[in-house]
Amino acid sequence: MLEQIVLLIAGTVFGFITLVLLARFFMQWGRVSFRNPIGHFVITVTDWAVMPARRIIPGLFGLDMASLLLAWVTQILYVLIQIGLGLKVSSSLAIPLLGLVDLARMATYLVFGVVLVSVVLSWVGSRSPAAYVFDELSRPFLAPFRRLIPPLGGIDLSPLVLLLVLQIVLLVIARLRISLLVLPFGF
């Protein structure tokens, strides 16, 4: 039971840090302004780690690689905690790969949440700064689907298709994660 409590707390803390670092990466990638309450929150929570890391880790093609690498390292640390509490992995190479798979899972959850919140805020007609941020964050992910799927009766179905695709991605990621673990009794 103590192990479960430790995993719950560690998963919450490391997951939160990873999501905020990914949000910083996505906001910078999507050129979303940080001059809003969400942007200020993201900067405040991550600056302590990102600013020193930027001295060592350069950007690549205008992308904030320091935030992305820190998010990956955060997931690797969480995997190491899981291993310390009894998780069995297939090899030592599986540790950074598990971190990468978990990072992909967290990024998928973040995109899922951003799109869902963006859709809900568009329905209620919110004029808050958060609505702008979520719309701008979801736009690059929805753009390919909006080109393929025209609105039907004035309703944009592209978020629904994207959410379905993200669910499929989560299934693939779960299968990848399982393949990196050592499972007892051949399961």
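Nothing here was measured: the structure is a model prediction, and the numbers come from that model. (Residues numbered from 1 in each chain as written. Predicted model: local features only at pLDDT ≥ 70, side-chain atom pairs only at ≥ 80, totals over all residues. Heavy atoms only, no water.)

## Some thoughts on the nonpolar core
Heads up, the rule is: We call a set of buried Ala, Val, Leu, Ile, Met, Phe, Trp, Tyr and Cys residues a nonpolar core when their side-chain atoms join them within 4.5 Å. The buried label applies to any residue whose accessible area, calculated with a 1.4 Å probe on protein chains only, is under 20% of its type's maximum; exposed applies above 50%, and partly exposed to all values in between. Working definition: helices are DSSP H or I runs of at least four residues, strands are E runs of at least two. Numbering for both runs from the N terminus. Contacts: residue pairs with any heavy atoms within 4.5 Å of one another.
Formed by 33 residues in total, the largest nonpolar core has its most connected members in Leu22, Phe26, Val115 and Leu137. Put simply, the parts of the chain that give this core at least two residues each are helix H1 (2-29), helix H2 (37-54), helix H3 (65-84), helix H4 (94-124), helix H5 (129-148) and helix H6 (158-179). When residues of this core are assigned to their parent elements, the largest contribution, 10 residues, is made by H4. Once you skip the residues sitting within four places of it in the chain, Phe26 turns out to touch Ala107, Leu110, Val111, Leu137 and Phe141.

## Things to note about a nonpolar patch on the surface
Condition: Exposure above 30% relative accessible area and the lack of any salt bridge qualify a residue for a patch; like charges then connect within 9 Å, and the nonpolar side chains Val, Leu, Ile, Met, Phe, Trp and Tyr within 5 Å. Computed with a 1.4 Å probe, the accessible areas rest on the Shrake-Rupley method; for each residue, only the protein chains presented here act as cover. Salt bridge, as used here: a side-chain nitrogen of Lys or Arg that lies within 4 Å of a carboxyl oxygen of Asp or Glu.
On the surface, a cluster of nonpolar side chains totalling about 720 Å² of accessible area is made up of Met1, Leu2, Ile5, Val6, Leu8, Ile9 and Val13. The residue Leu8 is located in helix H1 in this model. Judged by relative accessible area, Leu8 falls into the exposed class, the value being 58%.

## Observations regarding the environment of Leu70
Note on placement: Leu70 falls in helix H3. Here the alpha-carbon distance between Leu70 and Thr46, two residues 24 residues apart in the chain, equals 9.8 Å. Filtering out sequence-adjacent residues up to four positions away, Leu70 remains in contact with Leu21, Ala49, Val50 and Ala53.

## Brief notes about the pattern of salt bridges
Applying the stated criterion to the full structure yields 8 salt bridges. For Asp135, the salt bridge identified is with Arg139, shortest N-O distance 2.3 Å. You can see Asp135 and its partner Arg139 sitting in helix H5, 4 residues apart, about one turn around the helix. Under the relative-accessibility criterion, Asp135 is labelled partly exposed at 25%. On the accessibility criterion, Arg139 (39% relative accessible area) is partly exposed. For Asp156, the salt bridge identified is with Arg146, shortest N-O distance 2.8 Å. Taken together, the residues span a long stretch of sequence, with Asp156 in the loop between H5 and H6 and Arg146 in helix H5 at a distance of 10 residues. When salt bridges that share partners are traced, they join Arg24, Asp47, Arg54 and Asp64 into one network.

## Comments concerning the environment of Leu121
The topology assignment puts Leu121 in helix H4. A residue is classified by how much of its surface remains accessible, and Leu121, at 18% relative accessible area, is buried. When the C-alpha atoms of Leu121 and Ala131 are compared, they prove to be 5.9 Å apart, with 10 residues separating the residues in sequence. Not counting the four nearest positions on each side in its chain, Leu121 is found in contact with Ser126, Ala130, Ala131 and Phe134.

## Digging into the packing of H4 against H6
Spelled out, the test is: Only the contacting stretch of a helix is used when fitting its axis, a line to C-alpha atoms as for every element, and angles between N-to-C directions run 0 to 180 degrees. Geometric relationships in this document are graded by angle, where less than 35 degrees denotes roughly parallel, more than 145 denotes roughly antiparallel, 65 to 115 denotes roughly perpendicular, and other angles denote oblique. In this scheme, a crossing is called left-handed if the near helix is turned counterclockwise away from the far one by less than a right angle; it is called right-handed if the turn is clockwise. The residue classification treats Ala, Val, Leu, Ile, Met, Phe, Trp, Tyr, Cys and Pro as nonpolar and Asp, Glu, Lys and Arg as charged. All others, Gly included, are polar.
It is at 10 Å that the axes of H4 and H6 come closest, and there the two elements cross at 160 degrees. What the angle tells us is that H4 and H6 run roughly antiparallel. For the crossing formed where H4 meets H6, the hand is left-handed. Across from Leu98, Val101, Asp102, Ala104, Arg105, Thr108, Tyr109, Val111, Phe112, Val115, Leu116 and Val119 in H4, the residues of H6 making contact are Pro159, Leu162, Leu163, Leu166, Gln167, Val169, Leu170, Ile173, Leu176 and Arg177. Classifying every residue of the contact of H4 with H6 gives 17 nonpolar, 2 polar and 3 charged.

## Notes on the packing of H1 against H3
As a packed pair, H1 and H3 sit with axes 8 Å apart at the nearest point and diverge in direction by 170 degrees. Comparing their axes, H3 and H1 come out roughly antiparallel. When you trace H1 past H3, the crossing you get is left-handed. For the pair H1 and H3, contact is made by Leu7, Ala10, Gly11, Phe14, Gly15, Ile17, Thr18, Leu21, Leu22, Arg24 and Phe25 and by Ser67, Leu68, Leu70, Ala71, Thr74, Gln75, Leu77, Tyr78, Ile81 and Gln82, respectively. Within the contact of H1 with H3, the residues separate by chemical class into 13 nonpolar, 7 polar and 1 charged.

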